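# Topology and contacts: notes
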Amino acid sequence: MSSNSSRLRRAIALTTILTAQLMLTMDFLIVLVALPKIQTELGFTPAGLSWVPNAFALAFGGLLLAGGRLGDICGQVKAFKIGIAVFVAASLVGGIAGTPFLLILARVLQGAGAALAGPSVLALITTMARDESERNRGLSLFISISSVGASVGLILGGALTDLLSWRWSLLINVPIGAVVLILIGRLVKETEPKPARLDIAGALTATLGSVALVYAFISAAEHGWTAASTILSFAISAALLVSFFRIQKWAAEPLLDLSLLHSRPRVGGLIVMAIIVGMHFSMLFLIVQYLQQVLGFAPLIAGLAYLPLTATVFTVSPSMPRLIVRFGPRPLLALGGVLVALSFVGFAVLDDNSAYFPAVFVPLVMHAIGVALVFTPGTVAIMEGVPAEHAGAASGLLQMDQQVGGALGLAIIAAVYAGSSVPGQFTVGLGNAFAVAAVISLLATLVAIRTVRPKAPSIGTEVPKPQAAHV
């Protein structure tokens, strides 16, 4: 094979893998702008509607560590292909779903497929590279694709919902995924399997425990805090999550190396990241409905209305490594929590007579600065001091923390909103929900101050790149 054809083959293979990454990254947010139409057509309750994004996030986050381990055990290409196949099939089911239950089930299966395919993306980019230059180029493209996925998802989801139907925000994955499946097996060589034992019990207890906890908050909003379903869900969640940590303690090959949690700053960083991502998810969830149901924005315009958020994060983020070296992660995390809390104070006063500018725009930009001050410093606090042999496990822990924390935060705020909402009057209950979000965001500031070390990384220290987050 000539050098030109070999180069072309590698370029097509890399494009195929990055296309899959874009598809997986978009999936959480591509349905967000379609939520009002989904609620109207399928009859979701205000609290139940949060399961549409949350079912994906919980399955993805809960099974992420297991997905990464399976890629090592059976080969990255095989894991990637199975994950994409499950994701595509689930997208088809979700696109034709006629009931809330079927759509939620499809979203769970999409998350499971993403958890299996997602970890293999980075592994394949690394193993395909012939030298360090190609590896760095692939990783740079991976970070760029992951970063723009959120904005592309919002805009594409709005366009598809406007021009066709909300169903196409899921169905679009079918032809794209089919092409990826056809090409990947022909272009990328399988990696060498590494025989190991999969911690199935750990994966199940982590995922089901997280689902039970989120369901408990949804049940509290719909049936009350003293309802049998609510109390039972909290009890089941506690039992499963305690079991997960006990399993990880004694398992020969655990999904989560508990030694990573022996660091107080790392645990603090995980808590701060989970809180802020959770509040960020809740803002996206409620504001997109406000834009459409109150301000009358079409789905596409609602997606475009989030561009100031993304643009601000992209503008502020490049300065973070320099600020971390000068000040350390702690003051940046603390300030980020305060700014996110203040943004929710601004959102809390929205009513039926508010206008996008300045009532939504100003808090949105403030929120963006706040999350930018958390994402990179939070990654540093979590990844700092991790031994090289545990870097992959720590990265998986961070991604799991973001997804599960985001789902839990959204469930809490959605439950608060649903508990005080009035059918047909969207803004009733909005103030309470955002007030609680402001208080929880301030909790992140307190955790950062109490747990994260004030010492900044020394000059010349490489600051870890932030994990992709939904912006």
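Whatever comes next refers back to the structure up there.
Below is a short write-up of the structure. (Residues numbered from 1 in each chain as written. Predicted model: local features only at pLDDT ≥ 70, side-chain atom pairs only at ≥ 80, totals over all residues. Heavy atoms only, no water.)

## Observations regarding the overall build of the protein
In terms of helices and strands, the protein carries 18 helices and 0 strands. Its C-alpha atoms give the protein principal-axis dimensions of roughly 65 × 50 × 45 Å. Out of the 471 residues belonging to the protein, those deemed buried represent 54%. Contacts in the protein between residues at least 24 apart in sequence constitute 84% of all its contacts with a sequence separation of at least 6. (Helix = DSSP H or I, 4+ residues; strand = E, 2+ residues; numbered from the N terminus. Buried < 20%, exposed > 50% of the residue type's maximum accessible area, 1.4 Å probe, protein only. Contact = heavy atoms within 4.5 Å.)

## Describing the layout of surface pockets
For the second largest pocket, the calculated volume is near 770 Å³. Lining the second largest pocket we find 27 residues, and of these Ala-274, Asp-401, Val-404, Gly-405 and Leu-408 sit closest to its centre. Counting residues per element, the ones that place at least two in the lining of the second largest pocket are α9 (200–223), α10 (228–250), α11 (264–293), α17 (391–420) and α18 (430–451). Across the lining of the second largest pocket, the residue classes break down as 21 nonpolar, 5 polar and 1 charged. (1 Å grid on protein atoms, 1.4 Å probe; cavity = no way out; pocket = protein on both sides within 12 Å on 5 of 7 lines; lining within 4 Å. Points joined across faces, edges and corners; volume = space filled by probe spheres on them. Nonpolar A, V, L, I, M, F, W, Y, C, P; charged D, E, K, R; others polar.)

## So, helix α14 (residues 320–327)
Inspection of α14 places Met-320, Ile-324 and Val-325 among the buried residues, and these make up the whole buried set. All buried residues of α14 fall inside an arc of 135° around its axis, so they share one side. In α14, the exposed positions angled more than 90 degrees off the buried face are occupied by Arg-322 and Arg-326. Buried residues along α14 sit in contact with α13 (307–316), α15 (329–348) and α16 (356–383). Looking one or two places after α14, you find Gly-328, whose phi comes out positive at around 85°. (Arc of directions from axis to C-beta.)

## Describing the packing of aromatic side chains
The tally for this structure, following the rule as stated, stands at 12 aromatic pairs. Centre to centre, the rings of Phe-297 and Tyr-356 are 6.0 Å apart; their planes meet at 45°, and the pair counts as tilted. Here Tyr-356 lies in helix α16 and Phe-297 lies in the loop between α11 and α12 (299–304), a separation of 59 residues in the sequence. With relative accessibility at 22%, the residue Phe-297 sits in the partly exposed group. Through pairs of rings, three or more aromatic residues link up here, namely Phe-297, Tyr-356, Phe-357 and Phe-361. (Phe/Tyr/Trp six-rings, centres within 6.5 Å; stacked < 30°, edge-to-face > 60°.)

## Description of the packing of α11 against α16
A pair of packed helices can be characterised by two numbers: the angle between their axes and the separation between those axes. Relative to each other, α11 and α16 sit at 155°, their axes nearing to 9 Å. Classified by the angle between their axes, α11 and α16 sit roughly antiparallel to one another. As for the relative orientation of α11 and α16, their crossing is left-handed in sense. Residue composition of the contact of α11 with α16, by class: 19 nonpolar, 5 polar and 1 charged. (Axes fitted to C-alpha atoms, helices over the stretch in contact; angles between N-to-C directions. Parallel < 35°, antiparallel > 145°, perpendicular 65-115°, else oblique. Left-handed = near helix turned anticlockwise from the far one by under 90°.)

## Some details on the environment of Met-400
Within the secondary structure, Met-400 sits in helix α17. Separated by 201 residues in sequence, Met-400 and Asp-199 place their C-alpha atoms 16 Å apart. With residues near it in sequence (within four places) discarded, Met-400 still touches Gly-61, Leu-64, Leu-65 and Gly-405.

## Some remarks on the packing of α14 against α15
Where α14 meets α15, the closest approach of the two axes is 7 Å, and the angle between their N-to-C directions is 120°. One element, α14, and the other, α15, form an angle in the oblique class. Where α14 abuts α15, its residues Leu-323, Ile-324 and Phe-327 lie against Pro-329, Pro-331 and Leu-332. Looking at the contact of α14 with α15 residue by residue, the class counts come to 6 nonpolar, no polar and no charged.

## Digging into the pattern of salt bridges
The tally for this structure, following the rule as stated, stands at 2 salt bridges. Here Glu-41 makes a salt bridge to Arg-167, at a shortest N to O gap of 2.8 Å. Of this pair, Glu-41 sits in helix α2 (residues 35–42) while Arg-167 is found in the loop between α6 (132–163) and α7 (168–171), placing the two residues 126 residues apart along the sequence. Among the residues examined, Glu-41 registers a relative accessible area of 45% and is labelled partly exposed. (Salt bridge = Lys/Arg side-chain N within 4 Å of Asp/Glu carboxyl O.)

## Side note on α9
Spanning 24 residues, α9 covers 33 Å between terminal C-alpha atoms, matching the ideal 34 Å at 1.5 Å per step. With its phi angle positive at about 105°, Gly-224 sits one or two positions after the end of α9. (Expected span 1.5 Å × (residues − 1).)

## Observations concerning the environment of Leu-260
Within the secondary structure, Leu-260 is located in the loop between α10 and α11. A relative accessible area of 2% means that Leu-260 is categorised as buried. Separated by 149 residues in sequence, Leu-260 and Gly-111 place their C-alpha atoms 25 Å apart.

## Re unusual backbone geometry
A cis amide bond links Phe-357 with the next residue in sequence, Pro-358, at an omega value of 5°. Summarising the element assignment, Pro-358 is placed in helix α16.

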